[in-house]
Amino acid sequence: MKEVGILQLMEKITKGTVNVAVIGLGYVGLPMAVEMAKAGYDVYGVDSDPVKVAKLLQGKSYIIDIGDDALEGLIGQQLHPVTDIKVLEHADIVVICVPTPLTDGHQPDTSYIETAIDQAIPHLRRQTLLILESTTYPGTTEELIRSVIEQRRGWTVGKDFYVCFSPERVDPGSVHFNIRNTPKVIGGCTPDCLAVGAGFYGSFLDQIVPVSSTTVAEAAKLFENTFRSVNIGMVNELTAACEKIGINIWEVLDAAATKPFGYMPFYPGPGIGGHCIPVDPLYLSWKSEQHGFPLEFVELADRMNRRMPLYIAERIESMLAQEGKAINKANIILAGVAYKKDIDDVRESPALVLFEHLKKLGASVSFTDPYVSSFKLNGEEIPSRTANAQLWESADIVVITTDHSVVNYQQLVDHAPLVFDTRNATAHCTGGHVVILGHPVNGGGTAVG
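Given the structure is predicted, the values throughout are model-derived calculations rather than measurements.

(A) Just the overall build of the protein, in detail. From N to C terminus, the protein includes 14 helices and 15 strands. Principal axes of the C-alpha set define a box for the protein whose edges measure 80 × 50 × 40 Å. By residue count, 53% of the 449 residues in the protein fall in the buried class. Taking the intrachain contacts of the protein between residues at least 6 apart in sequence as the baseline, contacts between residues at least 24 apart amount to 68%. Surface accessibility of the protein: about 19600 Å² in total, with carbon and sulfur atoms responsible for 53%. If the 36 positive side-chain charges of the protein are averaged to one point and the 53 negative ones to another, these points end up 2 Å apart.

(B) Quick peek at the environment of Gly274. You can see Gly274 is positioned in the loop between α9 (249-256) and α10 (280-290). The spatial distance from the C-alpha of Gly274 to the C-alpha of Leu352 is 12 Å, given a sequence separation of 78 residues. When sequence neighbours within four positions are dropped, the list of residues in contact with Gly274 reads Tyr339, Arg347 and Glu348.

(C) Geometry of the sheet that holds strand β9 (residues 331-335). An order of β10-β9-β13-β14-β15 is seen for the five strands of this open sheet, with the pairing classed as parallel. The open sheet has two edge strands with one neighbour each: β10 (364-368) and β15 (434-436). Along the sheet, successive strands turn relative to each other by an average axial angle of 20°, direction set aside. Relative to strand β14 (residues 419-421), strand β13 (residues 397-400) runs parallel, the two sharing three bridges. Counterpart to Val398 in the pairing with β14 is Val419.

(D) Representation of the side chain of Asp109 within the structure. As for its position among the elements, Asp109 is in the loop between β4 (93-96) and α5 (111-120). Despite its burial, Asp109 pairs with no opposite charge, the nearest such side chain being Arg347 at 13 Å. In terms of polar contacts, Asp109 uses its side chain to reach the side chain of Ser111, at 2.6 Å. Excluding residues within four positions of it along the chain, Asp109 makes contact with Thr100, Pro101, Leu102, Thr103 and Tyr283.

(E) Main features of the sheet that holds strand β6 (residues 162-165). Pairing within the open sheet is mixed, and its eight strands lie in the order β3-β2-β1-β4-β5-β6-β7-β8. At either end of the open sheet lies a strand with only one pairing partner, and these are β3 (79-82) and β8 (208-211). Averaged over neighbouring strand pairs, the angle between their axes works out to 25° when direction is ignored. Summarising the sheet, strand β7 (residues 184-188) and β8 pair through four bridges and their orientation is parallel. The residue of β8 that forms the bridge with Val185 is Val209. In the packing of helix α2 (residues 29-38) onto the sheet, the strands contacted are β1 (19-23), β2 (42-46), β3, β4 and β7, and the crossing angle to β1 comes to about 170°. In the packing of helix α7 (residues 191-202) onto the sheet, contacts are made with β1, β4, β5 (129-132), β6, β7 and β8, and the angle to β7 comes to roughly 155°.

(F) Highlighting unusual backbone geometry. Unusually for a residue other than glycine, His106 sits at a positive phi of about 60°. Take His106: it is sitting in the loop between β4 and α5. For His106, a relative accessible area of 34% translates into the label partly exposed. Positioned with a positive phi, Asn424 is a non-glycine residue whose angle comes to about 65°. If you trace the backbone, Asn424 turns up in the loop between β14 and β15.

(G) Up close: the packing of helix α11 (residues 296-322) against helix α12 (residues 350-360). Where α11 meets α12, the closest approach of the two axes is 9 Å, and the angle between their N-to-C directions is 50°. Compared by their axis directions, α11 and α12 come out oblique. Read as a crossing pair, α11 and α12 show a hand that is right-handed. Of α12, the residues touching α11 (which contributes Pro309, Leu310, Ile312, Ala313 and Ile316) are Pro350, Val353, Leu354, His357 and Leu358. Tallied by class, the residues present in the contact of α11 with α12 amount to nine nonpolar, one polar and no charged.

(H) How the structure looks around the UniProt feature "domain: UDP-glucose/GDP-mannose dehydrogenase C-terminal" (unreviewed entry) in the protein. The UniProt feature table records "domain: UDP-glucose/GDP-mannose dehydrogenase C-terminal" (unreviewed entry) at residues 333-428. Taken end to end, residues 333-428 comprises 25% helix and 24% strand; its first and last C-alpha atoms sit 21 Å apart.

(I) Representation of the packing of helix α8 (residues 214-245) against α11. Orientation of α8 relative to α11, taken along the N-to-C sense of each, is 45°, at an axis distance of 8 Å. Comparing their axes, α11 and α8 come out oblique. Note that α8 runs across α11; the crossing there is left-handed. Contacts from Thr226, Ser229, Val230, Ile232, Gly233, Asn236, Glu237, Ala240 and Glu243 of α8 reach α11 at Phe297, Val298, Ala301, Met304, Asn305, Met308, Tyr311 and Arg315.

(J) View of the packing of aromatic side chains. Scanning the entire structure with this criterion turns up 11 aromatic pairs. Pairing Trp155 with Phe161 gives two aromatic rings, centres 6.0 Å apart and planes at 45°, and the pair type is tilted. You can call Trp155 buried: its relative accessible area is 6%. A residue is classified by how much of its surface remains accessible, and Phe161, at 0% relative accessible area, is buried. Here the aromatic rings of Phe227 and Phe266 are separated by 5.6 Å at their centres, their planes lie at 70°, and the arrangement is edge-to-face. Pair noted here: Phe227 is in helix α8 and Phe266 is in the loop between α9 and α10, with a separation of 39 residues, a long-range link. Overall, the relative accessible area of 10% leaves Phe266 in the buried class. In this structure an aromatic cluster arises from ring pairing among Tyr41, Phe200, Tyr201 and Phe204. The residue whose ring lies beneath Lys184 is Tyr201, and the NZ or CZ to ring-centre distance is 4.7 Å.

Criteria and cut-off values
- Residues numbered from 1 in each chain as written.
- Predicted model: local features only at pLDDT ≥ 70, side-chain atom pairs only at ≥ 80, totals over all residues.
- Heavy atoms only, no water.
- Helix = DSSP H or I, 4+ residues; strand = E, 2+ residues; numbered from the N terminus.
- Buried < 20%, exposed > 50% of the residue type's maximum accessible area, 1.4 Å probe, protein only.
- Contact = heavy atoms within 4.5 Å.
- Areas by Shrake-Rupley, 256 points an atom, 1.4 Å probe, with all protein chains shown as cover.
- Lys, Arg positive; Asp, Glu negative; His and termini not counted.
- Charge placed at Lys NZ, Arg CZ, Asp CG, Glu CD.
- Pairing = 2+ DSSP bridges.
- Axes fitted to C-alpha atoms, helices over the stretch in contact; angles between N-to-C directions.
- Salt bridge = Lys/Arg side-chain N within 4 Å of Asp/Glu carboxyl O.
- Polar contact = N/O pair within 3.5 Å; in protein donor to acceptor, adjacent residues only side chain to side chain.
- Parallel < 35°, antiparallel > 145°, perpendicular 65-115°, else oblique.
- Left-handed = near helix turned anticlockwise from the far one by under 90°.
- Nonpolar A, V, L, I, M, F, W, Y, C, P; charged D, E, K, R; others polar.
- UniProt positions renumbered as here; feature names shortened; annotations may be inferred.
- Phe/Tyr/Trp six-rings, centres within 6.5 Å; stacked < 30°, edge-to-face > 60°.
- Lys NZ or Arg CZ within 6 Å of the ring centre and 35° of its normal.

Structure below.
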């Protein structure tokens with residue numbers, strides 16, 4: 001027989017009267033908080049950054065997928081941005097959406113989760129449901145949330161409080177998938193935890209995918225992005241091979257993609273970026289290593305993908321040399337620094353790694369990006385430059401590192417003396433002096449034909 005507490009919580013979910021707190025209002029937390037508020041829930045958006053909270057209170061969004069119009073009618077009504085975590089005293093459900101980066105040694109950094117729980121525990125009420133959405137290694141929810149609360153509060157999970165893990169599946173910039181229509185995987189520490197967590201998400205999302213435990217849900221998220229990392233790593237490795245063999249990798253991939261079964265296309269580039277693919281596989285690899293089973297495919301793919309910015313730099317240096325120019329005297333412009341097209345997110349962007357490496361080689365490096373106004377490098381603010389004919393003409397080489405849709409690539413090709421396209425963005429352009437990553441090259445590193 002279910003406890004009275006869970007029946008009351010489930011009834012409040014059914015009636016839409018639960019209060020929700022979302023901890024962390026970044027690329028994951030803010031869209032989720034907005035979706036919950038749109039569903040009619042009273043949502044406290046908690047973030048330690050007062051600048052973010054101030055912007056939201058003014059009705060201004062700092063996330064590309066959330067326009068200012070999406071906040072209209074929500075701020076101060078259903079959505080309440082705050083910096084004070086004490087609001088958890090009024091919450092029936094707490095959703096944790098904090099970062100889970102890597103340390104400098106490429107080890108999991110769960111400090112944000114630990115801090116959030118440490119600060120939350122004094123303010124939790126009995127019968128509260130906690131859901132972790134931050135991507136992390138299998139076992140985190142049990143170790144850092146369930147066990148810590150049980151020890152510090154003396155409560156029993158599934159009776160006094162409820163804990164679930166439901167991995168975020170945000171695809172920044174996507175025009176097809178959003179919070180509501182992306183299937184939501186969720187696992188609970190107990191069957192009652194799963195029941196109340198699935199009931200909550202099912203009240204405003206289209207499809208819920210329940211699994212048997214939080215560890216399965218954690219592993220599923222890691223596997224999704226490990227799958228991508230391994231396949232991208234393989235394509236990046238084959239790209240260099242095809243260049244030497246004399247094969248156009250893009251033509252190969254386009255031909256392979258016509259197979260209607262047993263194949264999924266992945267494409268080369270200057271490396272991998274974002275909050276998932278460069279990070280998640282190493283969380284899985286680290287956990288597996290703890291059990292004495294190193295994941296060789298995962299480690300190899302990670303090395304290959306992290307090697308790509310350096311490979312791109314080598315190609316740039318070779319191309320400049322063929323033009324009689326030394327890299328330490330070259331003016332290099334990167335076209336795009338966001339980690340993928342049509343977004344403003346530079347987290348783990350390979351363009352930033354390339355930028356820093358080229359600077360170390362002595363080159364004069366600048367960038368232009370229609371979505372990124374600036375980024376910091378070793379404490380220095382690097383501003384974006386305006387893309388125009390004069391900018392392209394001023395470069396010794398322009399390197400296309402992000403294929404934003406709004407960029408006029410024909411203008412770029414027409415005016416830049418030399419272009420290295422790492423994204424195949426100029427495939428339909430005519431004229432110019434263009435080298436495309438993955439096209440056959442001669443000994444000097446220039447495209448053949």
